[in-house]
Amino acid sequence: ALALPAGAMVLALARERLVDGGALIAEAVALPAALFPGLSLPLGVELADELYVLYQRGFGIHVTHVEERLHAEAGRLVVERVAFDLSGRRVEHRVSRMDTARLRYRVTLA
């Protein structure tokens, strides 16, 4: 999904998105390690900013567009996303599994 050469290092993040204290979204995020040297996120602490803000401020990577694919999986909506930077590089692969009993997915294109 990241179009990396064989053997390239990848950083893997697991993230839960909470709403009213309950986990509604489980995310698996993969990043090319070469683009995010020294990336460190605290365990069990909610991030103050979105990941794309972290990418921009910490590593100078500006996400300009994404491609998403959606499908259903045992009561969950699964969204697979690839994010691209200004030069068209693939900078993130994210798979989000959302609890559809309490959550709706909405997209607004501008």
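For the chain, the count of helices and strands is 1 helix and 5 strands. When the helices and strands of the chain are placed in sequence order, the string is β-β-α-β-β-β. Taken against the 2.2 N^0.38 rule, which gives 13 Å for 110 residues, the C-alpha radius of gyration of the chain at 15 Å falls within 12% of a compact globule. Residue burial in the chain is summarised as follows: out of 110 residues, 30% are buried. Partitioning the intrachain contacts of the chain with sequence separation of at least 6 by distance along the chain shows that 44% fall at a separation of at least 24. As presented, the chain carries roughly 7400 Å² of accessible surface, and 54% of it is formed by carbon and sulfur atoms. Side-chain charges of the chain comprise 13 positive and 13 negative groups, with the mean position of each set lying 2 Å from the other.

With respect to the helices and strands, Arg89 occurs in the loop between strand 4 (76-85) and strand 5 (90-99). Counting along the chain gives 26 residues from Arg89 to Val63, while the straight-line C-alpha distance between them is 9.4 Å. Filtering out sequence-adjacent residues up to four positions away, Arg89 remains in contact with Leu35, Ala83 and Phe84. Among the polar contacts listed, one links the side chain of Arg89 to the side chain of Asp85, at a separation of 2.6 Å.

Looking now at the nonpolar core. Core analysis: the largest hydrophobic core is formed by 11 residues, namely Leu13, Val29, Leu31, Leu35, Phe36, Leu39, Leu51, Tyr55, Ile61, Ala83 and Val91. Elements with a contribution of two residues or more to this core: strand 2 (22-32) and helix 1 (51-59). Not counting chain neighbours up to four residues away, the residues in contact with Tyr55 comprise Val29, Leu31, Phe36, Gly60, Ile61, Val63, Glu92 and Arg94. Formed by 5 residues, the second largest nonpolar core is a distinct cluster that contains Leu24, Ile25, Leu77 and Val79.

Rules used in this analysis
Residues numbered from 1 in each chain as written. Predicted model: local features only at pLDDT ≥ 70, side-chain atom pairs only at ≥ 80, totals over all residues. Heavy atoms only, no water. Helix = DSSP H or I, 4+ residues; strand = E, 2+ residues; numbered from the N terminus. Rg over C-alpha atoms; globule rule 2.2 N^0.38 Å. Buried < 20%, exposed > 50% of the residue type's maximum accessible area, 1.4 Å probe, protein only. Contact = heavy atoms within 4.5 Å. Areas by Shrake-Rupley, 256 points an atom, 1.4 Å probe, with all protein chains shown as cover. Lys, Arg positive; Asp, Glu negative; His and termini not counted. Charge placed at Lys NZ, Arg CZ, Asp CG, Glu CD. Polar contact = N/O pair within 3.5 Å; in protein donor to acceptor, adjacent residues only side chain to side chain. Core = buried A, V, L, I, M, F, W, Y, C linked by side-chain atoms within 4.5 Å.

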